[in-house]
Amino acid sequence: MRDFLSRTRSRLRRAVFGATGESDDTVVTDGGTAASEGGGVVDRLNDRFGEDFTESAPFWLPPFLLVGLFVYGAIAWNFVISLTDYEGFVGPDYSDLDFEMYVRAINDSAVIDATVNTFLLVVAFTAVALGVGMVLAILIDRNIRFENTFRTIYLLPMSLSFVVTAQFWLWMYNYNNGVVNIALGAFGIGPINWIGNSSLVLWAVVFALVWQFSGYTMVVYLAGLRAIPTEHYEAARVDGASTLKMYWRVIIPQLKGSTISAAIVLMVFALKAFDFLYSLVSGYRPPNGADILATKMVREAYSTNNWAYASAIAIILFLMALSIIGPYLYYEYKQGNL
Amino acid sequence: MSDAHLDEPDSTDSTDATDRTDGVADRIRDDLAGVDGYRVALYAAIVGMTVFFLTPIESGLVTAFKTNPGGISSTLPFAPPPPRFFTLEKWQTALAALGRGMVNSALYAVPATIISALLGSFAAYGLTQADWRARYKAPVLAMLVAGIFIPYQAVLVPLSQFWGAMPLAELLTPLWLLGVPQSYVGLVELTITHVAYGIPICMVLFRSYYRNVSEEMIEAARLDGATFRRVYRRIVFPISTPMFAVVLIYQFTQIWNDLLFALILVSTESSPAAPVVLILAGLGESMEGQDFALRMAGAFIAALPTLIVYIMFGEEFAEGVAT
């Protein structure tokens, strides 16, 4: 079977690249095969970037090109579209480019509300999910029984799609029969219309997202906690610190790296909350009071065909994301991880 | 509960590995020693959080077995259905509605998961084990890492344009001649799109793994004359198995669960190629109101593959995320 596969592969390669493809079974360096290519392109690349570069290129270049085309090419194209007046079903007219759509977005109160909501959602969700996740990690880390079971339970919601969790929480928040209102009713509160009330719905969404993703934060913090040497706990104890003080002064400050990596991922999830909101309001309807840039953009594009305007909103969203990614990449670079 | 208990060295060893080797007698003694205010509060908090995480799922599960109207309005949302309100009808309806969606989702989620994991592994190998100059490598890496964080909205309009302009349907003519519905072209688009957007996260996960691979082994192989490609095939790929497990779990979950690309590329839930999330998003909607029992049953069916994967491989996943 394997022989058949490798033979088919080399035959395919020969068909596609001609006879220059290096055979898997001959142990030769790239320099040898490159010479047969005639032009000496590989030799020149070797001189310029080093042999390791040309040798490893077949591995990283194709994925990189795919990502470059689909991600960065698409973003560039998206930017150009945002400069046109593309609407409706006729393709974009690239001859007349201006920033009109951005001017329109800045003056659109719905876009401003969506920007504020995006910001609130990202910040509130990330902060609360980090807090809950840290508490969970500390609880789990206290040498408890059935640790793995509890960990799996806390992580379970993360395996569900936004569409599924939206169904669950729509039911949880149901005015007449939802668990939330029945639980609050036991304390004499409510019932409250969580989804229909425009000043509450954003926080109801944040709460549901915290439920879905704090298990992830827990896993990251747990790894961080376990990487702290035992001596640090012991030293704090010798100094007579109480458990609370030990965590606050000694342990939590050492979780900075975990906090950063968890926060970045949480922010990405928050920016993707479109799926959740789409399912919550069942379709392209605006989630009154919880409209974020992601939902606004998709609605403008696919519901009303305001393609150029949607592209401009997408660029605003992208710039918000960039303001998170940029500093993170710089931090990683400084840490020597890039 | 006093400070004296808190000062007990109950967590001086932060792993519970030693616990497991203890004998039963030791364990019982430990348990009895642990029964104090502090342990009680700790377990109360842990169980309380368990209730918080399980309630929405539990409530959904019992609701899916209740009659609507009737059962779901006259019983508590977290209480199991009493016999007179018990029904399996919603599960049958949901399965009938979602069945083809499950097949469609699998048709693109499985290949997209495997291909993106492989390409991610290739990229990570090419970018960790090859020692080319940092000033060229850093931008390549930065672009791949940043790819994880791109909000999909920033590429949707060009993506629609791109797939609209691609003559993919013509290229795949043999498939339609074989009787595959033409709308399945959307599934091919979804596969390629998910592969492209999945590569960055796969690359990052594999890279963290490959950086810890023993260098001596690879250097020795290199000195013996093995090519860069041969080292991957004979050494790096075989030892990647644990990381492949993690990446495949993660990617499968992401791709199976994603609504946005499905919505944009397949667009209607009535399409023969509609993925399960797309059908689920519109399930149980009608003019008379929402059929929550049907929605809950649908949610469970749609979530089943990823739930199974998590329950079976949750441990491996947790360890993989942590690295």
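Keep in mind it's a predicted model, so treat the numbers as computed, not measured.

J.: Explain helix H14 (residues 241-257) of chain B here, please?
T.: Helical periodicity: at 3.6 residues per turn, an α-helix aligns residues three or four positions apart in one direction. Residue and element names in this part refer to chain B. Across its 17 residues, H14 extends 24 Å between first and last C-alpha, which sits within 8% of the 24 Å expected from 1.5 Å per residue. H14 sits mainly inside the fold: 12 of its 17 residues count as buried. Turning to H14, its buried residues are Met243, Phe244, Val246, Val247, Ile249, Tyr250, Gln251, Phe252, Thr253, Ile255, Trp256 and Asn257.

J.: Looking at this model, I keep getting lost on the UniProt feature "transmembrane region" (unreviewed entry) in chain B. Mind explaining?
T.: Those places that UniProt annotates as "transmembrane region" (unreviewed entry) correspond, in this numbering, to residues 37-57, 106-128, 140-164, 184-210, 231-253, 259-280 and 292-313 of chain B. Helix makes up 96% of residues 231-253 of chain B and strand 0%, with an end-to-end C-alpha separation of 30 Å.

J.: It is not clear to me how a negative patch on the surface should be interpreted in this structure. Could you clarify?
T.: All names here are of chain A. Residues Asp85, Glu87, Asp93, Asp96 and Glu100 make up a contiguous surface patch of negative charge. Mapped onto the elements of the fold, Glu87 is located in the loop between helix H4 (51-82) and helix H5 (100-106). On the accessibility criterion, Glu87 (43% relative accessible area) is partly exposed.

J.: How should I be thinking about the environment of A:Asp239 in this particular structure?
T.: Residue and element names in this part refer to chain A. Counting through the fold element by element, Asp239 comes out in the loop between helix H11 (230-238) and helix H12 (243-251). Note on Asp239: relative accessible area 67%, which makes it exposed. On a C-alpha basis, the gap between Asp239 and Phe318 in space is 49 Å, while along the polypeptide they are 79 residues apart.

J.: Help me understand a nonpolar patch on the surface in this model?
T.: Residue and element names in this part refer to chain A. Taken together, Ile112, Val116, Phe119, Leu120, Val123 and Trp203 make up a surface patch of nonpolar side chains, about 530 Å² in accessible area. By residue number, the principal contributor to the nonpolar patch is helix H6 (residues 109-140), which donates 5 residues. Tracing the sequence through the fold places Val116 in helix H6. The exposure class assigned to Val116 is partly exposed, which follows from its relative accessible area of 42%.

J.: Help me understand the UniProt feature "domain: ABC transmembrane type-1" (unreviewed entry) in chain A in this model?
T.: As annotated by UniProt and renumbered to match this structure, "domain: ABC transmembrane type-1" (unreviewed entry) occupies residues 115-326 of chain A. The span residues 115-326 of chain A carries 71% helix and 0% strand; its end-to-end C-alpha distance comes to 19 Å.

J.: Looking at this structure, I do not really get the packing of aromatic side chains. What am I missing?
T.: What describes a pair of aromatic rings is the distance from one ring centre to the other and the angle between the planes of the rings. Per the stated rule, a full pass over the model turns up 46 aromatic pairs over all chains. Relative to B:Phe122, the ring of A:Phe59 has its centre 5.8 Å away and its plane inclined at 85°; by these criteria the two rings are edge-to-face. Taken as a pair, A:Phe59 in helix H4 and B:Phe122 in helix H6 (residues 89-128) lie in two separate chains rather than in one. A relative accessible area of 8% places A:Phe59 in the buried class. Taken together, A:Phe59, B:Phe122, B:Tyr125, B:Phe206, B:Tyr209, B:Tyr210, B:Phe228, B:Tyr232, B:Phe237 and B:Phe244 form an aromatic cluster joined through their ring pairs. The residue whose ring lies beneath A:Arg104 is A:Tyr309, and the NZ or CZ to ring-centre distance is 3.9 Å.

J.: How should I be thinking about helix H3 (residues 41-49) of chain A in this particular structure?
T.: Residue and element names in this part refer to chain A. Within the sequence span of H3, burial applies to Val42, Asn46 and Phe49. One side of H3 carries all its buried residues, which in axial view fall inside an arc of 95°. Structural note: H3 exposes Arg44 and Asp47 on the side pointing more than 90 degrees away from its buried face.

Parameters at a glance
- Residues numbered from 1 in each chain as written.
- Chains lettered and ligands numbered in written order.
- Predicted model: local features only at pLDDT ≥ 70, side-chain atom pairs only at ≥ 80, totals over all residues.
- Heavy atoms only, no water.
- Helix = DSSP H or I, 4+ residues; strand = E, 2+ residues; numbered from the N terminus.
- Expected span 1.5 Å × (residues − 1).
- Buried < 20%, exposed > 50% of the residue type's maximum accessible area, 1.4 Å probe, protein only.
- UniProt positions renumbered as here; feature names shortened; annotations may be inferred.
- Patch = residues over 30% accessible without salt bridge, like charges linked within 9 Å, V, L, I, M, F, W, Y side chains within 5 Å.
- Areas by Shrake-Rupley, 256 points an atom, 1.4 Å probe, with all protein chains shown as cover.
- Salt bridge = Lys/Arg side-chain N within 4 Å of Asp/Glu carboxyl O.
- Lys, Arg positive; Asp, Glu negative; His and termini not counted.
- Charge placed at Lys NZ, Arg CZ, Asp CG, Glu CD.
- Phe/Tyr/Trp six-rings, centres within 6.5 Å; stacked < 30°, edge-to-face > 60°.
- Lys NZ or Arg CZ within 6 Å of the ring centre and 35° of its normal.
- Arc of directions from axis to C-beta.

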